[in-house]
Amino acid sequence: MKTLDVAIAGGGLIGGSIALELAQAGLRVAVFDQGEPGHEASWAGAGILSPAPESLATVPMVPLAKASMALYPEFVHNVEGVSGQAVGFRPKGTLQALFSRDAARELSTVIALHHGLGLKAQPLRADDARELEPALNPEIEAAVLRPDEASVDNRALTRAVLVAAGKSGAEIFAGRQVTSIFRTGERCGGLIFSGQDEKISAKWTIIAAGTFSAQIAGVEAYAPVKPAKGQMAALRSDRVEIERVLWSDKIYLVPRNDGRILAGATVEHVGFDKQVTAAGLEHLLSGALHLAPELASARVEETWAGLRPASPDHLPILGPADLEGLLIATGHFRSGILLAPITARLIREWITGSSVSVDCEYFNPMRFADARREATA
Ligand SMILES: Cc1cc2nc3c(=O)[nH]c(=O)nc-3n(C[C@H](O)[C@H](O)[C@H](O)COP(=O)(O)OP(=O)(O)OC[C@H]3O[C@@H](n4cnc5c(N)ncnc54)[C@H](O)[C@@H]3O)c2cc1C
């Protein structure tokens, strides 16, 4: 293979979206995946597109998430147009159901928090919420409608992104495990693979190997990611119709265009284990039935688990490392489907030397190594 402009380790939604963006910018790009591209977290996710923070720790991510949300319609249009495949984008909003006796106070807190972050959120009385979503439990006390949020069929999207990247000129390789990066003088020279110790040289090397990124030698200090397991179940019911994503404090339900309703998700810190467990299913199904009781008669069509790439501070790891030519794009944790368009855009901006469209100080790949150095100084 000739020297590449860009070699990407990892062919999930993040690596695939970067490949598409860079190939469309005229660069010679190749993606190397250790398995079948698109079959890890990007396949396992739920596809909710919500820039609202899940905890205080992820508040610094809100501007990045809003920027990605704003890019989504154009991203979907491009991917569907180039690939010729539909990706199940549903810009229908999401609805958070509140059950507590103190729902009125909870409602005003949630609304104030959203408005404080510049996110649209509307308070709903229980009756109004049930008019929008008749499947909701009659015991709800109130609800929050987030009209600008959406969902996408992440399996279809990842497939289509990889097809679109290929059609745009990127080469996608399955079964190529990256073991290490290598140096050429003061620069990162490219990737080394398992097996015959083969090397690929590239002007820029991008690490997008999801939760496995820390296993690539030379990358650990920048991307100390760990797996956060999530179990999911897909239900199908002839009786229950859900229009938009529904949340409770326990679980979420995500309707797909094909009629399936996904219930998710657990968050477990149990290493690289991807087994579906009785306790995991109990959590999902009891949460689903509490939110929409008529799902009791739904068929369980599929269950699975996937591994989210979690960084120590739960924020993504994006941008150039201190080794010239090396860029990191991982640690997207619970928001990698949402953050794919902005991640691809930022990587292009860093590579082509344009100004970066979002302030990325919080996501700097040097933050963990710098913190360790300061702690030992
Ligand atoms: C249950 C669950 C629910 C989720 N729900 C949502 C949601 O609703 N909304 C949202 O925005 N996000 C959600 N996420 C998070 C989202 O799925 C991830 O953040 C995102 O998919 C990460 O994409 P990625 O491309 O970085 O990782 P991955 O999709 O895991 O891709 C990494 C790829 O790298 C490859 N690889 C690994 N190591 C190597 C190596 N050494 N050499 C070559 N290739 C390698 C892997 O084979 C894999 O294909 C969810 C995740 C889970 C598990």
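Here, the structure is the one placed above.
The structure presented is a predicted model; accordingly, all values stated were derived computationally and were not measured. Throughout, a residue's number is its position along its own chain's written sequence, starting from 1. For a predicted model such as this one, the threshold for reporting local features is a pLDDT of at least 70, and the threshold for listing and counting side-chain atom pairs is 80 or more; totals across whole chains, interfaces and linings nevertheless cover every residue. Excluded from the side-chain calculations are hydrogens and water; all other atoms, namely the structure's heavy atoms, are used.

Trainee: What exactly am I supposed to notice about the nonpolar core here?
Mentor: Grouped burial of nonpolar side chains is what soluble globular proteins tend to show. In this structure, Ile8, Ile18, Leu64, Leu157 and Ile206 are the most contacted members of the largest nonpolar core, which totals 49 residues. Secondary structure elements with two or more residues in this core: strand 1 (4-9), helix 1 (13-24), strand 2 (29-32), helix 3 (62-83), helix 6 (154-167), strand 11 (199-207), strand 18 (326-330) and helix 8 (336-352). In this text, buried Ala, Val, Leu, Ile, Met, Phe, Trp, Tyr and Cys residues form a nonpolar core when linked through side-chain atoms within 4.5 Å. Partly exposed residues are those whose accessible area sits between 20% and 50% of the maximum for their type, while under 20% is buried and over 50% is exposed, using a 1.4 Å probe and protein chains only. Secondary structure is summarised from DSSP: a helix means a run of H or I of at least four residues, a strand means a run of E of at least two, and numbering begins at the N terminus for each.

Trainee: What am I meant to see in the pattern of salt bridges here?
Mentor: Where charged atoms from two side chains of opposite charge come close, those side chains can pair. A side-chain nitrogen of Lys or Arg and a carboxyl oxygen of Asp or Glu constitute a salt bridge if their distance falls within 4 Å. Applying the stated rule across the entire model yields 22 salt bridges. A salt bridge links Arg256 to Asp153; the shortest N-O distance between them is 3.9 Å. With a gap of 103 residues between them, Arg256 in the loop between strand 14 (252-255) and strand 15 (261-264) and Asp153 in the loop between strand 7 (150-151) and helix 6 connect regions that are remote in the sequence. Comparing Arg256 with Asp153 shows no difference in burial state: the two are buried.

Trainee: When you look at unusual backbone geometry in this model, what are you seeing that I'm missing?
Mentor: Leaving glycine aside, a negative phi is the common case for residues, and trans is the common case for peptide bonds. Cis geometry is adopted by the peptide bond preceding Ala265, which originates at Gly264 and carries an omega value of -15 degrees. You can see Ala265 is positioned in the loop between strand 15 and helix 7 (278-291). In this structure, Phe333 takes a positive phi of about 50 degrees despite not being glycine. One can find Phe333 in the loop between strand 18 and helix 8. Accessibility expressed as a relative area gives 13% for Phe333, which makes it buried.

Trainee: Help me understand the environment of Glu54 in this model?
Mentor: Mapped onto the secondary structure, Glu54 falls in the loop between strand 3 (48-49) and helix 3. The partly exposed category is assigned to Glu54, whose relative accessible area is 49%. Any N or O atom pair separated by 3.5 Å or less is treated as a polar contact, with the protein-specific requirement of one donor-capable and one acceptor-capable atom, and with residues adjacent in sequence counted only for side-chain atom pairs. Engagement of the side chain of Glu54 in a polar contact is seen with the side chain of Arg334, the distance being 3.0 Å.

Trainee: I would appreciate a short explanation of the site of the ligand in the present structure.
Mentor: Residues are counted as near a molecule or strand when any one of their heavy atoms sits within 4 Å of it. Taken together, 38 residues form the shell around the ligand, and within it Asp33, Ser42, Ile48, Val178 and Leu338 come nearest. In the model, an oxygen atom of the ligand is placed 2.9 Å from a nitrogen or oxygen of the Phe333 main chain. Within the backbone of Arg334, one N or O atom sits 2.9 Å away from a nitrogen atom of the ligand. Secondary-structure elements contributing two or more residues to the shell around the ligand are helix 1, helix 2 (41-44), strand 12 (226-236), strand 16 (299-310) and helix 8. Classifying every residue of the shell around the ligand by side-chain character gives 19 nonpolar, 14 polar and 5 charged. Residues are grouped as follows: Ala, Val, Leu, Ile, Met, Phe, Trp, Tyr, Cys and Pro are nonpolar; Asp, Glu, Lys and Arg are charged; every other residue, Gly included, is polar.

Trainee: Just checking my understanding: could you explain the pairing of strand 11 for this structure?
Mentor: Successive side chains on a regular strand alternate, one facing one side of the sheet and the next facing the other. In the sheet, strand 1 pairs with strand 11 via 5 bridges, with the strands oriented parallel. Looking at the pairing, Ala7 lines up with Thr205 of strand 11. For two strands to pair, DSSP has to find at least two bridges joining them. Judged from the 3 bridges that link them, strand 10 (residues 187-193) and strand 11 form a sheet pairing that is antiparallel. Pairing of Leu191 across the sheet is with Ile200, part of strand 11. As defined by bridge partners, strand 11 adjoins strand 18 across 3 bridges and the pair is classed as parallel. Bridging from a neighbouring strand, Ile207 pairs with Ile328 of strand 18.

Trainee: Explain the packing of aromatic side chains to me, please; I cannot follow it from the model alone.
Mentor: For any pair of aromatic rings, the description consists of the separation of the ring centres together with the inter-plane angle of the planes. Only rings of Phe, Tyr and Trp enter the pairing, Trp through its six-membered ring, and a pair is recorded when the two centres are within 6.5 Å. The plane angle decides the type: under 30 degrees is stacked, over 60 is edge-to-face, the rest tilted. On inspection of all chains with the given rule, the structure shows 7 aromatic pairs. Residues Trp247 and Tyr252 carry aromatic rings whose centres are separated by 5.9 Å and whose planes lie at 80 degrees to one another, so their mutual orientation is edge-to-face. One exposure class covers both Trp247 and Tyr252, and it is buried. Three or more aromatic residues joined by ring pairs form one cluster here, namely Phe32, Phe173 and Phe193. For a ring to carry a charge above it, either NZ of a lysine or CZ of an arginine must fall within 6 Å of the ring centroid while also lying within 35 degrees of the normal to the ring plane. Arg155 extends its terminal NZ or CZ atom over the ring of Trp304, reaching a point 4.4 Å from the ring centre.

No statement about biological role is implied by the geometric values presented.
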